[in-house]
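# Geometric and topological summary
One-letter residues, chain by chain:
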Amino acid sequence: MGKWFERELGVVRKREQNNLPEATLSYFDKNDELQTTTISDLTKSKKTILFAVPGAFTPTCSQKHLPGFVEKAGELKKKGVDTIACVSVNDAFVMKAWGKDLNVGDDVLLLSDGNGEFTKAIGCELDLSDKPVGLGVRSRRYSMLVDDGVVKVLNLEEGGAFTNSGAEDMLNAL
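Residues numbered from 1 in each chain as written. Predicted model: local features only at pLDDT ≥ 70, side-chain atom pairs only at ≥ 80, totals over all residues. Heavy atoms only, no water.

The next subject is the overall build of the protein chain. Along its length, the protein chain carries six helices and nine strands. Residue burial in the protein chain is summarised as follows: out of 174 residues, 51% are buried. Sequence-distant contacts in the protein chain: of pairs separated by 6 or more residues, those separated by 24 or more amount to 61%. (Helix = DSSP H or I, 4+ residues; strand = E, 2+ residues; numbered from the N terminus. Buried < 20%, exposed > 50% of the residue type's maximum accessible area, 1.4 Å probe, protein only. Contact = heavy atoms within 4.5 Å.)

Take the nonpolar core next. If you look at the biggest cluster of nonpolar residues, it comprises 22 residues, and the most contacted ones within it are Phe69, Cys86 and Val108. Sorting the residues of this core by element identifies β3 (47–53), α3 (59–78), β4 (83–88), α4 (92–101) and α6 (167–173) as the ones contributing at least two each. The leading source of residues in this core is α3, at five residues. Non-local contacts of Val108, meaning those with residues more than four positions away in its chain, are made with Phe51, Leu66, Phe69, Val70, Ile84 and Cys86. Membership of the second largest hydrophobic core comes to 20 residues, among which are Leu50, Val87, Leu111 and Val146. (Core = buried A, V, L, I, M, F, W, Y, C linked by side-chain atoms within 4.5 Å.)

Before going further, it helps to spend a moment on the side chain of Thr58. The topology assignment puts Thr58 in the loop between β3 and α3. The exposure class assigned to Thr58 is buried, which follows from its relative accessible area of 16%. From its side chain, Thr58 meets the backbone oxygen of Gly55 in a polar contact 2.5 Å long. (Polar contact = N/O pair within 3.5 Å; in protein donor to acceptor, adjacent residues only side chain to side chain.)

Glancing now at the packing of aromatic side chains. All told, the structure shown has two aromatic pairs when counted by the stated rule. Their ring planes at 15° and their centres at 4.0 Å tell us that Phe51 and Phe69 sit as a pair that is stacked. Placement of the pair is Phe51 in strand β3 and Phe69 in helix α3, with a sequence separation of 18 residues. Here Phe51 and Phe69 have matching classes, each one buried. For Lys96, the ring lying beneath its charged end belongs to Phe28, and the centroid distance is 4.8 Å. (Phe/Tyr/Trp six-rings, centres within 6.5 Å; stacked < 30°, edge-to-face > 60°. Lys NZ or Arg CZ within 6 Å of the ring centre and 35° of its normal.)

With that settled, consider the pairing of strand β5 (residues 109–112). Pairing geometry for β4 and β5, over four bridges, is parallel. Note that in β5 the partner of Ser88 across the bridge is Ser112. Handedness of the crossover joining β4 and β5 through α4 is recorded here as right-handed. (Pairing = 2+ DSSP bridges. Right-handed = clockwise from strand over helix to strand, strands pointing away.)

Moving on, we get to unusual backbone geometry. If you check the backbone angles, Asp32 has positive phi at about 65° while not being a glycine. Note that Asp32 resides in the loop between β1 (24–28) and β2 (34–38). On the basis of relative accessible area, Asp32 is assigned to the partly exposed category, the value being 44%. Of note, Asn103 is a non-glycine position whose phi angle comes to about 55°, a positive value. Of note, Asn103 is situated in the loop between α4 and β5. For Asn103, a relative accessible area of 65% puts it in the exposed group.

In structure tokens form, the structure reads like this:
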């Protein structure tokens, strides 16, 4: 586990405040234009759920993790969540195609951390380059509730597991 997450897990347990590291992520908007946003823009003065997947078009990510947040988006927003965003170490073009393939719509923002800057900043790299399919360095699976830039809930998975970072887990935390 990376230093930021080790520190953050302790901070969340102590109920102190700690802001996420800054990073720029990319996405395609409704008009099919490539845009960028920053972590601070996504979280300032808002309740935001950020969740990460090891890879677009991979089985658990495509069949459970992302669809769960799409399905529960309305319930999460009724509980005060302003933005739900999925982060992946895939490029914005892959994220756009994945969203179209799964008919994600506007409830979940699909963000590209193509160079892995945010993933590295929070110490969440997952090296899958030695696996038979050669996925390279990706992100560990997690979900977090961020309130005005401060992490309030953090659910971090081991490896590619999917046990505590789903939409239902976030609903229970809210």
